[in-house]
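Below are the chains, spelled out letter by letter.
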Amino acid sequence: MTRTPLIAANWKMHKTVAEAVQTARGLLERLGGRAPDGRTVLICPPFTAIMAVREVLADTGILWGAQNMYPRPKGAFTGEISPPMLADLGCTHVIVGHSERRHIFGEGNQLINEKVRAAFEFGLVPILAVGEKLEHRQAGLEEAVVEEQLAKGLMGLSAEQVRRLVIAYEPVWAIGTGETASPDDAQAMHAFIRRWLSARYGEETAQEVIIQYGGSVKPNNVDDLMAQPDIDGALVGGASLDADQFARIVQFQAP
Ligand code: PEP
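Quick look at the structure, then.

Cut-offs applied
- Residues numbered from 1 in each chain as written.
- Predicted model: local features only at pLDDT ≥ 70, side-chain atom pairs only at ≥ 80, totals over all residues.
- Heavy atoms only, no water.
- Helix = DSSP H or I, 4+ residues; strand = E, 2+ residues; numbered from the N terminus.
- Rg over C-alpha atoms; globule rule 2.2 N^0.38 Å.
- Buried < 20%, exposed > 50% of the residue type's maximum accessible area, 1.4 Å probe, protein only.
- Contact = heavy atoms within 4.5 Å.
- Areas by Shrake-Rupley, 256 points an atom, 1.4 Å probe, with all protein chains shown as cover.
- Pairing = 2+ DSSP bridges.
- Axes fitted to C-alpha atoms, helices over the stretch in contact; angles between N-to-C directions.

Looking only at helices and strands, the chain features 12 helices and eight strands. Over its C-alpha atoms the chain spans a radius of gyration of 17 Å, differing by no more than 12% from the 18 Å that the globule rule assigns to 255 residues. Counting across all 255 residues of the chain, residues that qualify as buried make up 53%. If you take every contact in the chain between residues at least 6 apart in sequence, the share linking residues at least 24 apart comes to 73%. Per element, the accessible surface of the chain, about 11200 Å² overall, is 50% carbon and sulfur.

Another aspect to go through is the sheet that holds strand 1 (residues 6-10). The strands that make up a sheet pair up through hydrogen bonds in the backbone, lying either parallel or antiparallel. On the basis of which strands lie adjacent, the open sheet formed by eight strands has the order 3-2-1-8-7-6-5-4 and parallel pairing. The strands lining the two open edges of the sheet, one partner per strand, are strand 3 (63-64) and strand 4 (93-96). Two strands pair when backbone bridges link them, and strand 4 and strand 5 (residues 125-130) are joined in this way by four bridges, in the parallel orientation. By the bridge assignment, isoleucine 95 is partnered in strand 5 with isoleucine 127. Most of the contacts of helix 5 (residues 109-121) go to strand 5, to which it runs at about 160°, and overall it touches strand 4 and strand 5.

Let us look at the pairing of strand 8 (residues 233-236). Two faces belong to every sheet, and in a regular strand the side chains alternate between them. Across the two faces of strand 8 the burial is the same, with Gly233 and Leu235 and Ala234 and Val236 all buried. Pairing of strand 1 with strand 8, which is carried by four bridges, proceeds in the parallel orientation. In the strand pairing of strand 8, alanine 9 is matched with valine 236. Pairing analysis gives two bridges linking strand 7 (residues 210-214) to strand 8, with the strands arranged parallel. Paired with tyrosine 213 across the bridge in strand 8 is alanine 234.

In structure tokens, the structure reads:
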């Protein structure tokens, strides 16, 4: 089967409503008003700008999503946003388990698993972010760390759900640092993840899962990364804040 590449922007805690609208409009202009063929494009603004970005992107084929959520439909959870609230805004995807959530906000695999399951329950596609820290890679533990994040993060999911899941492999040492995993190293980890999925859920399911790479993806490295057989897209932080750079990443040239 052919997997449609997913290029996603994670704007993190950047952009006022006016700035978000300007960037979304700038992106659309550079893409000729529509998402290009052969790839899915997704923007994840801060919560406060989702509505405004949705107005810009409606009917363009470009999708919008969220960077996080709390895994309950409603209740006394001051400051949190629920999956139905995101679905109500037309969000299609939600990032779950981003390394900044894991390491700055102390989110563990159990909460992340609850978020993955809640996303499916309310019709959102979770983008489950996994990845090792530098010390793990230096100790040769990168596969063990990612395997544990996958095993715990996907607990209780059916093969049918896993098939629709997106996984973002984001080595922590490459996020926002300007350091990128080499295309070969990234491919090796993506192939490991797909083998792991195949062993658990069957080869057919594993072949359908979109596995994005994230970690300082830029216009000058996206083509080489996307040329790898198991890299099915990119989750882009810093370079997605700039319409010129993100448009070029969206328009990656695959061999
Ligand atoms: C990210 O936030 O998921 C990310 C990969 O950031 P950056 O592209 O800035 O490394």
